[in-house]
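Overview (structure and organization)
Listed below are the residues making up each chain.
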Amino acid sequence: MKETTARTKPQKGSACRALRCWRFGPCIATVLFAPQVYADNKALGQYLASECTSCHQLSGASAGIPAIVGWPRDQFVAVVKSYRAKERDNEVMRTIASRLTDEEIAALAAYFEGEGK
Ligand code: HEC
């Protein structure tokens, strides 16, 4: 009787351990690697972008108004901030950029970068 328990116990234990890994592995991976902030940013960017796309075309075509899709994020942020700081010369863009927070500019950059691909 004692022998049986001794023999089955380690087997049970290792099966449990394996199961635990299998069940919690994906959970841990999700917590560690989910681009949560990025996803939220993009959703906000998409929401804010409706104002921009009345002038800037999502197709990337530039008929008079330059295309802003597919830009690297850093560049996009720098350009919009330079309008906001009145360093770049364009009244329309200065006015629009002056209403945007840093967070909103970052969100727009995330959204428009993805749209170009
Ligand atoms: C009323 C029309 C209009 C709206 C709305 C508008 N833009 Fe613009 N945007 C322009 C024009 C015109 C230019 C070109 C200005 C220039 O020649 O410097 C421009 C330029 C830009 C540029 C620089 C492009 C380049 O190639 O240098 C960026 C980036 C930009 N806009 C982002 C935005 C974002 C982000 C929004 C929304 C928050 C937005 N724009 C909304 C008209 C608009």
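Computed from a prediction, not measured in an experiment: that's the story for all the values here.

Quick word on the overall build of the protein chain
Helix and strand content of the protein chain: five helices and zero strands. Listed by position from the N terminus, the elements making up the protein chain come as α-α-α-α-α. A separation of at least 24 residues holds for 67% of the contacts in the protein chain among residues at least 6 apart in sequence.

Quick look at the confidence of the model for the protein chain
Per-residue pLDDT for the protein chain averages 81, and the proportion of residues at 70 or more is 64%. Taken element by element, the protein chain is modelled with least confidence in helix α1 (residues 2–33), mean pLDDT 56, and with most confidence in helix α4 (residues 91–98), mean pLDDT 98.

Concerning the site of the ligand
In the region of the ligand, 16 residues are neighbours, and Cys 52, Cys 55, Pro 66, Val 79 and Asn 90 sit closest. Of all elements in the fold, only α2 (36–52), α3 (73–84) and α4 reach the threshold of two or more residues within the shell around the ligand. Residue classes in the shell around the ligand are distributed as 12 nonpolar, three polar and one charged.

Notes on α3
Taking 1.5 Å per residue, 12 residues should reach 16 Å; α3 reaches 16 Å between its end C-alpha atoms and fits that length. Within the sequence span of α3, burial applies to Phe 76, Val 80, Tyr 83 and Arg 84. Looking straight down α3, one finds that the buried residues subtend no more than 105° of arc, so they occupy a single side. Turned more than 90 degrees off the buried face of α3, the exposed positions are Asp 74 and Gln 75. Contacts made by the buried residues of α3 are with α4 and α5 (102–115). With its phi angle positive at about 60°, Lys 86 sits one or two positions after the end of α3.

A few points about unusual backbone geometry
One non-glycine residue with positive phi stands out, namely Lys 86, at about 60°. Topologically, Lys 86 is positioned in the loop between α3 and α4.

Calculation rules
Residue positions are given per chain, counting from 1 as you read along its sequence in written order. In view of the model being predicted, local features appear only for residues whose pLDDT reaches at least 70, and side-chain atom pairs are presented and counted only at 80 or more, with totals across whole chains, interfaces and linings using the full set of residues. The way it works is that DSSP assigns letters per residue, a run of H or I at least four long becomes a helix, a run of E at least two long becomes a strand, and they are numbered from the N terminus. Note on contacts: residues are paired as contacts if their backbone-placed C-beta atoms lie within 7 Å. Residue-level confidence of the predictor, termed pLDDT, takes values from 0 up to 100. Here, nearness is defined through the C-beta atom: a residue counts as near a molecule or strand if that backbone-placed atom lies within 6 Å of it. Each residue gets one of three labels, nonpolar for Ala, Val, Leu, Ile, Met, Phe, Trp, Tyr, Cys and Pro, charged for Asp, Glu, Lys and Arg, and polar for the others, Gly among them. How far a helix is expected to stretch is found by multiplying one less than its residue total by 1.5 Å. Here a residue counts as buried when 20 or more other C-beta atoms fall within 10 Å of its C-beta, as exposed when 12 or fewer do, and as partly exposed in between; the C-beta atoms come from the backbone. As used here, the arc is the angular range of directions from the helix axis to the C-beta atoms.

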